[in-house]
Structure formats: C-alpha cells, structure tokens
There are 2 protein chains.
Amino acid sequence: MATVGRIAGVSQVTVSRALSDSSKVSPLTLKKIEDAIKVTGFVPNALAGALASQQSHLVSALVPSLTNIVYSSVVKTFSQRMREFGYQILLSETGFDLTEEEVFVSAHLSRQPDAVLLTGIQHSAQTRRMLLGAGIPIVEVWDITASPIDMCVGFSHADAGRAVADFAIDAGFAFAGTVTANDERAKLRRDSFTNRFLQNEGQSVFAHDCPGAASMGAGRAALADLIDNQGLKSGMVFCSSDVLAQGLLIEAHARGLKMPGDLSIVGFGDQEFAKDLEPALTTVRVDRELLGRTAADAILARIMGTESPQPVSDLGFEIVRRMSA
Amino acid sequence: MATVGRIAGVSQVTVSRALSDSSKVSPLTLKKIEDAIKVTGFVPNALAGALASQQSHLVSALVPSLTNIVYSSVVKTFSQRMREFGYQILLSETGFDLTEEEVFVSAHLSRQPDAVLLTGIQHSAQTRRMLLGAGIPIVEVWDITASPIDMCVGFSHADAGRAVADFAIDAGFAFAGTVTANDERAKLRRDSFTNRFLQNEGQSVFAHDCPGAASMGAGRAALADLIDNQGLKSGMVFCSSDVLAQGLLIEAHARGLKMPGDLSIVGFGDQEFAKDLEPALTTVRVDRELLGRTAADAILARIMGTESPQPVSDLGFEIVRRMSA
DNA sequence: TTGTAAGCGTTATCAT
DNA sequence: ATGATAACGCTTACAA
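Since we're looking at a predicted model, the values are computed, not measured.

**Remarks on the pairing of strand β7 (residues 204-209) of chain B**
All names here are of chain B.
- Of the pairings in the sheet, the one linking strand β6 (residues 175-180) to β7 comprises six bridges and is parallel in character. Residue pairing across strands places G177 opposite F206, the latter belonging to β7.
- Note on the crossover from β6 through helix α9 (residues 184-199) to β7: the handedness is right-handed.

This is how it looks when you write it as structure tokens:
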C-alpha cells in the first residue's frame, strides 16, 4: 500500500481509504491510485486488514462429510449467500466425531472467524465453551433444540421418524424394516419410527444398521440381510437416506421383487435423483437450499445487528409420496 | 499472550516460544505457562501469527462444484493430507466459470495462502498472472499439460476418450453415442472418443449434450433423446460420468431394453456405486484419492523444500470392464 | 533460558 | 480530502 501510495503521490492511508470506501477520496486521487494498483499488481493483505479491523470476513463451517451431498449442498448455498456479503468459508470435515470437531473448532477459532456454522446439536462441553467464549454468531444446522449454543436451524428428526411411521400405519403395513447409516440423526429417526410404529398397529420392525456411511452397495447388502437373514417377507422399509433406498431398489429388482407390491421403500432427503428412480422413490423432503440460506441469513442478521434473528427456526419436512411406497 | 505471560510471571515472548517450540523454555516455566493458558482459556490469534511469520498455514482450493462427488472426494483426501501437516483449507466453488475463478483467486490470494489448488488447466490470463506473482506452490489437478502454472497432477482426457473408442471398436460396435455434461474436460473426452471411433471402423456417433450438470434425470432424458429423436437403435454409449450412465441404465430398464444386448453403456469415474448397479457399470476408473494425495504431496514437497517435486504427474486411468458393456 | 525491540500490512483515531 | 500516529497480536532478530 505504501508503494502504491508513493506511485500515486499520496500517503498509504489514502490508498487504504480508496480501497475500503472510494467515496472518501477525491475522484482525481482515486484515479491515480487505481492506476498505481494496476501498475504494481497490488493485492491487499486481508490478514493485516483483519488484524487491524477485528473483522476477518471469514466464516468457519464444520460438516461431518464433504462427499455426502446432503451436507455439501447445504454448504453450497450457505457459501453462496455468505459470499454475497463478502465472506469466505473455512471448511473442514469432522467425520461425525465430536472429539475431532473440538480440535477443528479450536483451530478455526484461532483464525478469528466472524461466525461459525456447525452441523448437529451434539457437541463436547469444551466445544461449547470455546464457541461461547468466542462471542461471535454460531449457528447449528440440521437439527433443532430448545437450547442452541446460539442459534439453530433445522427440523425435528424425531418428528420425521414418527411421521413416516404414521404414513406406514395409514398405508396398512403390519411389518416394517429400517436401514440406517451410522449417523446420529439417522438413528434418532429410526428409533422414533420404530417406537411409533410398534405403538400403533405395527407388528414388528426388522432393523439393519449399516456399519459405515450410506452407499448403494450398503443398501443392497441391507435388503439382502433383511430378507435372507432376518426373514422380512413384505412391508415397508424406511431408509435413512435416498442413496441407501436406491440400493434397496436395485437389490429388489435383481431379486425380481415387485414394488410397491412385494415391498415398499421410503427414503430420506429427496435428493434430485429420487424422482427419476424406477419406481420413483417415496421419500422425506428436506429443503437443503433453504437450510443453507436460512443459516446464512441468521448469521448475517446478527452481524448486521439490525434485526435480531430468532434463535431457533424449524424448517420442517414433508413426505413426498411417489411410486415406491 | 501478554496476559498469559503476566499470570505465568514471564514475558509475552516466552509464551510465544512455549507455544511454538516447548523445548525452548524451561520445564518449570512451561508448566506455569500451560496453567496460565488453561486459566485464561487463551486461544492464539493465527492472523497475527501469520502476519508476523509470513506463513498462514492456509491453503486455497478452488473446485468447479462442491456437490459433485468427483471433485469433493479429491478435496477430501487433499484436505486430510494437508491437515496432517497443520494446514487448513479455504474452499470455494467456481462453477466451471473462468471469470468467477479469477475473482476467487484474487480473494483467496489476499488471505496469503501458502499454496493453491486449482481444478483444470484452463485459466484466464489474469488468473495465471496473479498466481505466478504470488510466488507460492500452485497445483492444477484433474488434467495434465506440458506447461502448468507451476505443477499439475491428473491424466489425459484425450487419451481417455480414445481408449474408450478403441474399447468400442474392439468390442465390434459400429454405432456409438455420447452423452456429455457441460464440463470442458468431459467435452474433450467426447471429442477424442468421436474422432477415434470414426477414424476406425465406427460408422456414426449420436451425440447428446446435457445443458447443465450431470444428473440421473439428465441421463434418462439423454437416452430418450438418442433413441426417440436421433434414431439410435443399438451400440455403445459413452457417458461423461457414472451418474449420467446410471440415468441411462434406468431409462433403458424402463424401456425394457436388454443390457448389454440391446445397448451397451460406459460411464466415467468409477464411483463407488458403479459396481453395484444392475448391470454393473463398465466405466473408466480414475483414482481420485491418489489424485488428492499426490496434489497435497506435491505442495508439501515444495514447501518443505527438501525434494523438488516433478512439475507434472500423470496418474493415468483404467477401463474397468463390467457387465454394462 | 529469557527479555527487549522492531516489524508484519493493514485500519482507526485524531489532526490538519 | 488527506496525513501522521498508534494500535492489532503475534514472530524474529539480537541482547543479556
């Protein structure tokens, strides 16, 4: 900046002003400064700027998985919205591990982010403490709780599980199955589904828990297990994700099963491909774009300080009935 | 740090030393400092540290899409590897747009990253200039060129297209089709496939270019177009991604087509689900984990300065023959 | 082993 | 409208 100033014939501060608010310098000097910047190829040092202004324009985001579109799509809209306001995203993958998350939170916080986006409402005590101590807007997404660290935007997984159970009961199923990936929120849905189903007419629920992440292969294996080992003969199976459900669909096809005749399948997430499956997948829709945007807006509202954002926003969900169930 | 020092009864520098290299302070003072840190809940300011040391321990990564697993899986392994060495990732989505990329490069560079990861070898002149001027390791992934900005790791898309054409010729197909998403590298594969196929026994190539990103729905629509509008009756169709190929598979099933009998389909990427499709998908395997790790290692080697990394590494690809072709 | 002093490249506060 | 000066919170000589 000093160099740019020297070339433009002004002081370093004037260059700083020109860059942060061009209306604060005269048109003539602005022009000279712009020229000097072009000549030198000057790129401002945002680190120094952040240090001096106490505003990093950096937002930290922690997700369980970068490769799971369910999470990455939220980050996508979140990033886009934050970017409109000049924020960049420091992104890390915690892998569903609270201890890892703690390490990342600490590392991210040291970069002085202006806000933090977390996935889920389960965090270690130390994580909560650090976050609270940072004194910046914190938003937890994908779930809701009456006592967020700061703010949260999501929906009730317990409600979702129950809603699918009611759907199954209404459709007259006596038997059901669950196929669940290794994800806390998925387990929550599974449990509330099972409880509700059994409390109402449901006779029994066959359960298959996938050891790792959701994948089509895991879905195929799950249905094979349910049928071959657990003796599932008919009914509706509730999968913790559309990808898993797709695996079941393929395995069912391979076994010559009719859907929904012999077997009904319900997914979760309503990913783009769900409607294009054969049969089209009945699933639970969650508006992930809205999730990301709402999270961003909650943070922005707090940063701008104009409107005080509501601490918890329940975005709900919707069962989309298609052909598979 | 000054506060921590005061409590521990030492100066601020000593605290800095204790944190950066605990062996540089006496065990006794180290203990006192550690206690003081615990009491105060002190978190070092990485911004100030980076400003002073000229080392941000931040690495910038630019990808076309966050939600396309093909790119996110590379970022995943890249991040993991970089993290082992204490680097964090500033990630942005450029959306296949060179002008957007330029804006992001400039924004990222202002944060003084220690290295940059770019996707592809096509960049605006201004982007190249800024990157070169930054004087840090730059690695371009997913493609190779004899003249990278700094380093590149990937494979030849032209070679891949030709290899699939040869595969088609060897299998005796006279007719072929291409289904291509709106991605420069995919178009490159399509063109070299088509040229090679026609130069050798191939009679004609039906082409469907998807307007937007790859999706299952786009794949279904593509096959419908190829058959209903373009008159494709048989042959092998080369898709620019496994997701697209999956869409073709589903559409073909829905039309009662036999595969590979009536139609043969080849995907690209060998995503996890490819082997679990019905029929299992013949596709081109690219080792994305290796890609991410190699990119990270190239950067690390340059940063450490011990071994001088080779500027371009060709990781190749492999046609995985399964049932669909 | 520890401390002092200078400096990293900005922004903020006051003057002028 | 512009400039001088002091932070911002660290690291890196250099000194003790």
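**Notes on unusual backbone geometry**
- Between M259 of chain A and the following residue, P260 of chain A, the backbone shows a cis peptide bond with an omega angle of 5 degrees.
- Summarising the element assignment, P260 of chain A is placed in the loop between α11 (242-254) and β9 (264-266).
- Between E278 of chain B and the following residue, P279 of chain B, the backbone shows a cis peptide bond with an omega angle of 0 degrees.
- Looking at where P279 of chain B falls in the secondary structure, it is placed in the loop between β9 (264-266) and β10 (283-285).
- Look at Q112 of chain A: it is not a glycine, yet its phi comes out positive at around 55 degrees.
- Along the chain, the position of Q112 of chain A falls in the loop between α6 (98-109) and β3 (115-119).

**What to know about the sheet that holds β7 of chain B**
Residues and elements named next belong to chain B.
- Spatial strand order, β7-β6-β8-β9: four strands in an open sheet with parallel pairing. Of all strands in the sheet, those bounded by a partner on one side alone are β7 and β9. Strand-to-strand twist in this sheet, taken as the mean axis angle between neighbours without regard to direction, amounts to 20 degrees.
- Sheet topology places β6 next to strand β8 (residues 236-239); four bridges connect them, and they run parallel. Paired with A176 across the bridge in β8 is M236.

**Things to note about the domain arrangement of chain A**
- Along its sequence, chain A is carved into domain 1 (2-44), domain 2 (56-155 + 288-315) and domain 3 (157-285).
- Here the C-alpha centroids of domain 1 of chain A and domain 3 of chain A sit 62 Å apart.

**Things to note about the protein's contact with DNA strand C**
- In the neighbourhood of DNA strand C, 23 residues make up the surrounding shell, with M1, S16, N45, A48 and A52 of chain A lying closest.
- Contributing elements (two or more residues each) for the surface near DNA strand C: α2 (12-20) and α4 (46-53) of chain A together with α2 (12-20) and α4 (46-53) of chain B.
- Tallied by class, the residues present in the surface near DNA strand C amount to 12 nonpolar, 10 polar and one charged.

**Concerning the protein's contact with DNA strand D**
- In the neighbourhood of DNA strand D, 23 residues make up the surrounding shell, with V25 of chain A together with M1, S16, A48 and A52 of chain B lying closest.
- Contributions of two or more residues to the surface near DNA strand D are made by α2 and α4 of chain A together with α2 and α4 of chain B.
- Here the surface near DNA strand D is built from residues that sort into 12 nonpolar, 10 polar and one charged.

**Points about the interface of chain B and chain A**
- Of the residues lining the interface, 43 residues belong to chain B; the matching set on chain A comes to 43 residues.
- In terms of residue count, the dominant contributor to the side of chain B that touches chain A is helix α5 (residues 69-84) of chain B (six residues).
- For the side of chain B that touches chain A, the per-class residue count stands at 20 nonpolar, 16 polar and seven charged.

**A closer look at helix α10 (residues 216-229) of chain B**
Residue and element names in this part refer to chain B.
- Over its 14 residues, α10 runs 19 Å from end to end, which matches the ideal 20 Å to within 8%, given 1.5 Å per residue.
- Regarding α10, the residues found buried are M216, G217, A218, G219, R220, A222, L223 and L226.
- If you follow the buried residues of α10, they end up packed against β6, β7, β8 and α11 (242-254).
- Immediately beyond the C-terminal end of α10, within one or two residues, lies G231, with a positive phi of roughly 80 degrees.

**Here's the deal with the sheet that holds strand β8 (residues 236-239) of chain A**
All names here are of chain A.
- Overall, parallel pairing links the four strands, which are arranged β7-β6-β8-β9 in an open sheet. Two strands lie at the open edges of the sheet, namely β7 (204-209) and β9, each paired on one side alone. Mean inter-strand twist for the sheet, computed between neighbouring axes without regard to direction, equals 20 degrees.
- Pairing between β8 and β9: three bridges, direction parallel. Across the sheet, V237 pairs through a bridge with I265, a residue of β9.
- Running at roughly 140 degrees to β7, helix α10 (residues 216-229) makes contact with β6 (175-180), β7 and β8 of the sheet.

**Considerations on the relation of the copies chain B and chain A**
- With an axial shift of 0.1 Å and an RMSD of 0.1 Å, the rotation relating chain B to chain A amounts to 180 degrees. Considering both components of the superposition, the chain copies are consistent with a two-fold axis. Residues of chain B ranked by C-alpha distance from the rotation axis are headed by L90 of chain B, positioned 2.4 Å from it.

**Here we look at the nonpolar core**
- In terms of nonpolar packing, the biggest core is built from 176 residues, with L248 of chain A together with L248 of chain B touching the most fellow members.
- Discounting residues that sit within four places of it in the chain, L248 of chain B has contacts with V179, G219, A222, L223, V237, C239 and I265 of chain B.
- Counting residues in hydrophobic clusters, the runner-up holds nine residues, among them V4, V15, A18 and A36 of chain B.

Reading the values: rules and limits
Residues numbered from 1 in each chain as written. Chains lettered and ligands numbered in written order. Predicted model: local features only at pLDDT ≥ 70, side-chain atom pairs only at ≥ 80, totals over all residues. Pairing = 2+ DSSP bridges. Helix = DSSP H or I, 4+ residues; strand = E, 2+ residues; numbered from the N terminus. Right-handed = clockwise from strand over helix to strand, strands pointing away. Axes fitted to C-alpha atoms, helices over the stretch in contact; angles between N-to-C directions. Domains from an automatic or database assignment. Near = placed C-beta within 6 Å. Nonpolar A, V, L, I, M, F, W, Y, C, P; charged D, E, K, R; others polar. Contact = placed C-beta atoms within 7 Å. Expected span 1.5 Å × (residues − 1). Buried ≥ 20, exposed ≤ 12 C-beta atoms within 10 Å, placed from the backbone. Least-squares fit on C-alpha atoms with pLDDT ≥ 70 in both. Core = buried A, V, L, I, M, F, W, Y, C linked by C-beta atoms within 7 Å.

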